[in-house]
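Overview (structure and organization)
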Amino acid sequence: MAKPIVAIVGRPNVGKSTVFNRIAGDRLAIVEDRPGVTRDRLYANGEWLSRQFSIIDTGGIEIGDDELLRSVRAQAEMAIDEADVIVFMVDGKAGITPADAEVAELLFRAGKPVVLAVNKVDNPGRQVDAYEFYSLGFGEPVAISGTHGLGIGDLLDKVVGYFPEEQEEEYGEDVIRVTLIGRPNVGKSSLVNAILGEERVIVSPQAGTTRDAVDTPFTRNGQQYVLIDTAGMRKRGKIYENTEKYSVMRAMRSIERADVALIVIDGTEGIVEQDKHIAGYAHEAGKAAVFVVNKWDAVEKDDKTMQKFAQKIREHFQFMNYAPIAFVSAKTKQRLHKLLPLVDQAAENHAMRIATHMLNDVVADAVALNPPPTDKGRRLRINYVTQVAVKPPTIVLFVNEPELMHFSYERYLENKIREAFGFEGTPVRIFTRKKTREE
Ligand code: GDP
Ligand code: GDP
């Protein structure tokens, strides 16, 4: 089930990032606390009234000539195209400015759900000039204070109220849902065309009959796949399409619906920060992943180049060392045939379920080999281990005292579990819980 996307839109200095951080801040506890996982807050995962969502602050879109109206307009257009609900933020102290009015008009015409937030209403007793803000045409404004954390719950109540109904899964269990994510121009759409053009790939006849079809189903060697959100890979010449925020938002949109994310990197340019943000999203979303180094035809190379590049990937993406790496060329189709077998394997491991007795045996052996360290005379005892979910495989360790579990020991156990069962291509989540009487 895809998570709704919420975008915060507004001119600079109204307090977008302050409010974003406030919403994101509460969630940080559930985001995996591991070294290497990017902490850059381009987006955050939130939850309110049991609905999960992703939120992005569209601020800071740089469009080259830093002309205020143009960049604010680009942000609004991106939100209109990509978000499910838009939070339109204005400054309650400054009142409505021409830039606000411009954004309002764009949002008004687009017909997407908009929640108007008047920020910097710091004193809860103070009234906002409701009439002024009503005139923007989005109904009753929600008065908030980002710095004091006031009204944020009311804002989220309204936002969640606009979320689409949770939808039924549209593809069968045996269909592997694949998405290609990456910066602009790394070759995502070229790869889609190259994959679909491969021998033995049969593109379903109904795909492509409607020009705006979002997904492309195909079959290869009897395995059914669907490429998620191929429409989003077509360029439409929008001003924001080369921005990092857009790449991340696009990735969020398609990743939620996918089983396997192909993280496409431009082999001629190497790894940049933006690649990490995009990959980090796949990881945090718990999806299977394969690194695809594209344009390998255009890389000047000797017999060590591939190995060196792979090593760089391992250094930059330490948190994803489970993801295999493919070096391909969409242009020459070099090694492209290796890609789908990696996808198959990653998808299979992502859905793998390990019998409880086997898990317990492996963990017992690991503990015997290397017992948990003691802490002030107390030692962690693992009573029982069980896999509670797939996609991704999620394992719970029931222990005497969860606070005695250290990150490095958990890592050790994860490595032992991976050694025993494979799990290549998929993240594995491990939680430590206190053993209760019933368990
Ligand atoms: P953005 O450019 O829209 O992301 O705005 P920022 O979040 O960077 O905030 C711009 C300025 O407004 C900063 O100096 C914030 O401290 C201030 N600010 C943000 N929220 C509030 C608020 O609720 N009350 C007041 N008084 N100032 C705020
Ligand atoms: P997207 O923005 O990620 O969808 O990237 P495109 O598929 O539009 O490709 C961006 C540019 O890279 C285009 O000029 C492609 O022709 C080029 N390109 C894509 N794949 C390859 C490749 O494997 N080798 C080379 N040399 N160029 C490629």
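Residues numbered from 1 in each chain as written. Chains lettered and ligands numbered in written order. Predicted model: local features only at pLDDT ≥ 70, side-chain atom pairs only at ≥ 80, totals over all residues. Heavy atoms only, no water.

Strand order in this open sheet of 7 strands is β8-β9-β10-β7-β11-β12-β13, and the pairing throughout is mixed. Of all strands in the sheet, those with a lone pairing partner are β8 (201-203) and β13 (325-327), marking the two edges. Between one strand axis and the next, the sheet turns by 30° as a mean value, whatever way the strands run. Note that strand β12 (residues 288-294) and β13 share 3 bridges and pair parallel. What sits directly across from Phe 291, in β13, is Ile 325. In the packing of helix α7 (residues 244-255) onto the sheet, the strands contacted are β7 (176-181) and β11 (260-266), and the crossing angle to β7 comes to about 180°. Contacting β7 and β11, helix α8 (residues 273-284) crosses the sheet at an angle of about 170° to β11. (Pairing = 2+ DSSP bridges. Helix = DSSP H or I, 4+ residues; strand = E, 2+ residues; numbered from the N terminus. Axes fitted to C-alpha atoms, helices over the stretch in contact; angles between N-to-C directions. Contact = heavy atoms within 4.5 Å.)

With that out of the way, let us pick up the pattern of salt bridges. One pass over the full model with this rule turns up 21 salt bridges. The closest approach of N and O atoms between Glu 105 and Arg 109, which form a salt bridge, is 3.7 Å. Placement of both Glu 105 and Arg 109 in helix α3 (residues 98-110) is noted, with a separation of 4 residues, approximately one turn of the helix. Note on Arg 109: relative accessible area 61%, which makes it exposed. Here Arg 183 ties to Glu 269 by a salt bridge, and the two come within 3.1 Å at their closest N and O atoms. Of the two residues, Arg 183 sits in the loop between β7 and α6 (188-196) while Glu 269 sits in the loop between β11 and α8, which places them 86 residues apart along the sequence. (Salt bridge = Lys/Arg side-chain N within 4 Å of Asp/Glu carboxyl O. Buried < 20%, exposed > 50% of the residue type's maximum accessible area, 1.4 Å probe, protein only.)

Among the nonpolar cores identified, the biggest contains 59 residues, and Phe 88, Leu 107, Phe 291, Ile 313, Phe 317 and Met 320 are the most heavily contacted of them. Dropping the residues within four chain positions of it, Met 320 is found in contact with Ile 263, Ala 279, His 283, Ala 289, Phe 291 and Arg 314. Counting residues in each nonpolar core, the second largest holds 30 residues, with Val 178, Val 328, Leu 339 and Val 343 among its members. (Core = buried A, V, L, I, M, F, W, Y, C linked by side-chain atoms within 4.5 Å.)

As paired strands, strand β16 (residues 382-389) and strand β17 (residues 394-399) are joined by 6 bridges and run antiparallel to one another. By the bridge assignment for β17, Thr 386 is matched with Val 396. The hairpin turn running from β16 into β17, its antiparallel successor, is 4 residues long, and Lys 391 in that turn takes a positive phi close to 50°.

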